[in-house]
Amino acid sequence: MWHILRRVARVGLVETAKLPEPAAPAVAREDLDGELLRLLGRALAVRVVDAGSCNGCEFELNALGNAHYNLEGRGVHLVASPRHADLLLVTGPVSLHMRDALLRTYEAMPEPRLVVAVGDCADCGGEFAGSYAVCGGVDAVLPVDLRIPGCPPAPLQVLQGLVQVLRRAG
């Protein structure tokens, strides 16, 4: 440990190469603000269920709560009870052990209910497709209103997906 600190003191700060900028999204984040407010008119309650994922999608969903994306400030609230949810956001392939829990969560939601499959695993099973422990994608268990592809999808893609499913429902 001391040899690392001595090297830092001797060399100083070294700037690392900058990562390339991501491709421009189809819709700018600022444009999504007005669209969400127009579509919602009130708060949207979202219940998130991890049906057996690797947690990559959950990391990206957690980023939606930071100050940059500010999901709560846009009127989208994550809720603990499916009885309060308008939309079910599912990540990961549906494992055999989560199948019944996912069905019970869906059935506990009030009508009209929307289901969004986030990530490749939730879409078609992804890397886990064909496994003995997996039912498949979410559509093998529930009707899916929107699929957001990616492994994992970026937070902006999830936000765009929410706008897209609300346009269809509205």
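Attention here is on the structure that accompanies the text. (Residues numbered from 1 in each chain as written. Predicted model: local features only at pLDDT ≥ 70, side-chain atom pairs only at ≥ 80, totals over all residues. Heavy atoms only, no water.)

Ranked by internal contacts, the top residues of the largest apolar core, which has 21 residues, are Leu87, Leu89, Val116, Val118 and Val165. In terms of residues, this core owes the most to one element, helix H6 (residues 155-169), which gives six residues. Look past the residues within four positions of Leu87 in its chain and what remains in contact with it is Leu44, Ala45, Val46, Arg47, Met109, Leu114, Val116, Leu162 and Val165. Ranked by size, the runner-up nonpolar core spans 19 residues in total, among them Val49, Val90, Met109 and Val144. (Core = buried A, V, L, I, M, F, W, Y, C linked by side-chain atoms within 4.5 Å. Buried < 20%, exposed > 50% of the residue type's maximum accessible area, 1.4 Å probe, protein only. Helix = DSSP H or I, 4+ residues; strand = E, 2+ residues; numbered from the N terminus. Contact = heavy atoms within 4.5 Å.)

As a working rule, side chains carrying opposite charge can pair if their charged atoms are close by. Evaluation of the coordinates by the stated rule reveals four salt bridges. Salt-bridge contacts for Arg99 lead to Asp100; the nearest nitrogen and oxygen are separated by 3.7 Å. Using a relative accessible area of 34% as the deciding quantity, one classes Arg99 as partly exposed. Residue classification places Asp100 among the partly exposed positions, given a relative accessible area of 46%. A salt bridge links Arg113 to Glu111; the shortest N-O distance between them is 2.9 Å. Salt bridges sharing common partners tie together Asp123, Asp139 and Arg147. (Salt bridge = Lys/Arg side-chain N within 4 Å of Asp/Glu carboxyl O.)

In this section: helix H4 (residues 96-108). Regarding H4, the residues found buried are Leu102, Leu103, Thr105 and Tyr106. Looking straight down H4, one finds its buried side chains confined to an arc of 160 degrees; they lie on one side. Facing away from the buried surface of H4 by more than 90 degrees, the exposed residues are His97, Arg104 and Glu107. Along its buried surface, H4 packs onto strand E1 (44-50), strand E3 (87-91), strand E4 (94-95) and strand E5 (114-118). (Arc of directions from axis to C-beta.)

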